[in-house]
Amino acid sequence: MAGDGIRSSIVAPFISGLLEEKHAIGYSYESEELILNRFDQYCSSHGLKAPEITKDFLSDWMEQKSTEGKFNRGKRISVIRQLMLFMASLGINVYIPHDFCHFKRAPPHIFDPVELKDFFGVLDSYLPPPNKGFQIRMHMEYRMMFRLYCCCGLRNNEAAALECANADFENGILTILDSKGNKDRLVYLADDIRGALADYRDYLCAQLGGCRWLFPGRDPEKHVPNTTVDSVFNRFWNQTIHAGYSNKPTVHDFRFTFVVNRMNLWAEEGVTFP
């Protein structure tokens, strides 16, 4: 195994090997890779000279940071647990964290119509700086992307990593590849969202002259990262009058809301399933 030039610590080759393994079995592992890159920096800054990793060496990493919640701490440690298991499978003597996730997952936040109207009102009324061309483009992307979350129940990574080749603009069908459980599925768009998406596609082509990604990032060669989508949602949600709820919503709650609304509509229409 060899590093990829991004990471420089003694564990860099093992991080690359773990990523190759996860990608090979169908996981995107994008947010996890960001955590692994942070751990690579942690190993360098803490002077790790050999790949053997002890419990004491991980003690600072295991601590909950003042800027993170229990869920994010648990995910951060869980990713490193995967790395330790991978290294152990190669015969490296490492400490494997365990019994560290003692928290209750918050219940989903189901958006009501007023909340959705207020969120999209804040999102749509924002004016990016006129001298920041890429910010203007990306704001147009966010306006379309959050409508897909809301109207189609897409997961964060499903919209962020959607390729133009997998969007049938004429018939209004999105092909979602390698989703949860390594499964593919088709998402059918209502006429209004199909028309909006086609208009957005025309705008994107005019800006970039063609692009692989339906929602390219600041670097058009890459799609917008999931973490950026989370950050953008938080920024605009916090400008609504609903900010400060104890059950703070996330991007994934658009999916929960879509499912609940769809099931309620089926119930009202008397739809039954075998």
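Attention here is on the structure that accompanies the text. Predicted model, so just to flag it, every value in this text is computed and none were measured.

**Considering the pattern of salt bridges**
- Under the criterion given, the structure shown has eight salt bridges.
- For the salt bridge of Arg-7 with Glu-33, the shortest nitrogen-to-oxygen distance reads 3.7 Å. One end of the pair, Arg-7, is in the segment before α1 (12-24); the other, Glu-33, is in helix α2 (residues 30-45), and 26 residues separate them in sequence.
- The closest approach of N and O atoms between Arg-212 and Glu-163, which form a salt bridge, is 3.0 Å. Remark: Glu-163 occurs in the loop between α7 (156-160) and β1 (167-168) and Arg-212 occurs in the loop between α8 (191-208) and α9 (226-237); sequence separation between them is 49 residues.
- Overlapping salt bridges, with partners in common, bring together Asp-124, Arg-143 and Arg-147 in one network.

**Quick notes on the side chain of Asn-156**
- Within the secondary structure, Asn-156 sits in helix α7.
- Polar side-chain contacts of Asn-156 include one of 3.4 Å to the backbone oxygen of Asn-226.
- Polar side-chain contacts of Asn-156 include one of 3.0 Å to the side chain of Asp-230.

**Some thoughts on the sheet that holds strand β2 (residues 173-176)**
- Spatial ordering of the open sheet is given by β1-β2-β3, a layout of three strands whose pairing is antiparallel. With one partner strand each, in any of the chains shown, β1 and β3 (185-188) form the two edges of the open sheet.
- Here two bridges tie β1 to β2, and the two strands are oriented antiparallel to one another. Residue Asp-168 lies in a different strand from β2, and its bridge partner there is Ile-173.

**Here's the deal with the pairing of β2**
- Here β1 hands over to β2 after four residues, with Gly-172 in that stretch at a positive phi of 70 degrees.
- As defined by bridge partners, β2 adjoins β3 across four bridges and the pair is classed as antiparallel. Considered in β3, the bridge of Ile-176 is made with Arg-185.

**Some points on α9**
- With twelve residues, α9 extends 17 Å between its outermost C-alpha atoms, agreeing within 8% with the 16 Å of an ideal straight helix rising 1.5 Å per residue.
- Looking at α9, one finds that the buried residues are Asn-226, Val-229, Val-232, Phe-233, Phe-236 and Trp-237. Taken around the axis of α9, the buried residues stretch over an arc of 125 degrees, which confines them to a single face.
- Considering only its buried residues, α9 is in contact with α2, α5 (113-125), α6 (133-152), α7 and α10 (253-269).

**With respect to α10**
- Helix length check: α10 (17 residues) gives 24 Å between terminal C-alpha atoms against 24 Å at 1.5 Å per residue, within 8%.
- Within the span of α10, buried status applies to Asp-253, Phe-254, Arg-255 and Thr-257.
- For α10, the secondary structure elements touched by its buried residues are α5, α6, β3 and α9.
- Gly-270, located one to two residues past α10, shows a positive phi value of around 75 degrees.

**Considering the packing of aromatic side chains**
- Taken as a whole and judged by the stated rule, the model has 19 aromatic pairs.
- Taking 6.4 Å as the distance between ring centres and 55 degrees as the angle between the ring planes, the aromatic pair formed by Phe-120 and Phe-254 counts as tilted. Of this pair, Phe-120 sits in helix α5 while Phe-254 sits in helix α10, and the two are 134 residues apart along the sequence.
- Owing to a relative accessible area of 11%, Phe-120 belongs among the buried residues under this scheme.

**A look at the nonpolar core**
- Core analysis: the biggest nonpolar cluster contains 40 residues, and Phe-146, Leu-148, Leu-174 and Phe-254 have the highest contact counts within it.
- Elements with a contribution of two residues or more to this core: α5, α6, α7, β2, α8 and α9.
- Ranked by residue count, the leading element in this core is α6, at nine residues.
- Among the nonpolar cores identified, the runner-up in size contains 27 residues, and Leu-18, Leu-36, Tyr-42 and Ile-92 belong to it.

**A short note on the environment of Arg-212**
- Measuring from C-alpha to C-alpha, the distance between Arg-212 and Cys-164 comes to 5.8 Å, with 48 residues separating the pair along the chain.
- Discounting residues that sit within four places of it in the chain, Arg-212 has contacts with Glu-163 and Cys-164.

**Observations concerning the packing of α1 against helix α4 (residues 70-89)**
- Relative to each other, α1 and α4 sit at 100 degrees, their axes nearing to 10 Å. Judged by the inter-axis angle, α1 sits roughly perpendicular to α4. Of the residues in α4, those touching α1 at Phe-14, Ile-15, Gly-17, Leu-18, Glu-21 and Lys-22 are Gln-82, Leu-83, Phe-86 and Met-87.
- Taken together, the residues that form the contact of α1 with α4 break down as six nonpolar, two polar and two charged.

**Remarks on the environment of Cys-205**
- Structurally, Cys-205 can be placed in helix α8.
- On the basis of relative accessible area, Cys-205 is assigned to the partly exposed category, the value being 37%.
- Sequence separation between Cys-205 and Met-138 is 67 residues, and the spatial gap between their C-alpha atoms is 13 Å.

About the thresholds
- Residues numbered from 1 in each chain as written.
- Predicted model: local features only at pLDDT ≥ 70, side-chain atom pairs only at ≥ 80, totals over all residues.
- Heavy atoms only, no water.
- Salt bridge = Lys/Arg side-chain N within 4 Å of Asp/Glu carboxyl O.
- Helix = DSSP H or I, 4+ residues; strand = E, 2+ residues; numbered from the N terminus.
- Polar contact = N/O pair within 3.5 Å; in protein donor to acceptor, adjacent residues only side chain to side chain.
- Pairing = 2+ DSSP bridges.
- Expected span 1.5 Å × (residues − 1).
- Buried < 20%, exposed > 50% of the residue type's maximum accessible area, 1.4 Å probe, protein only.
- Arc of directions from axis to C-beta.
- Contact = heavy atoms within 4.5 Å.
- Phe/Tyr/Trp six-rings, centres within 6.5 Å; stacked < 30°, edge-to-face > 60°.
- Core = buried A, V, L, I, M, F, W, Y, C linked by side-chain atoms within 4.5 Å.
- Axes fitted to C-alpha atoms, helices over the stretch in contact; angles between N-to-C directions.
- Parallel < 35°, antiparallel > 145°, perpendicular 65-115°, else oblique.
- Nonpolar A, V, L, I, M, F, W, Y, C, P; charged D, E, K, R; others polar.

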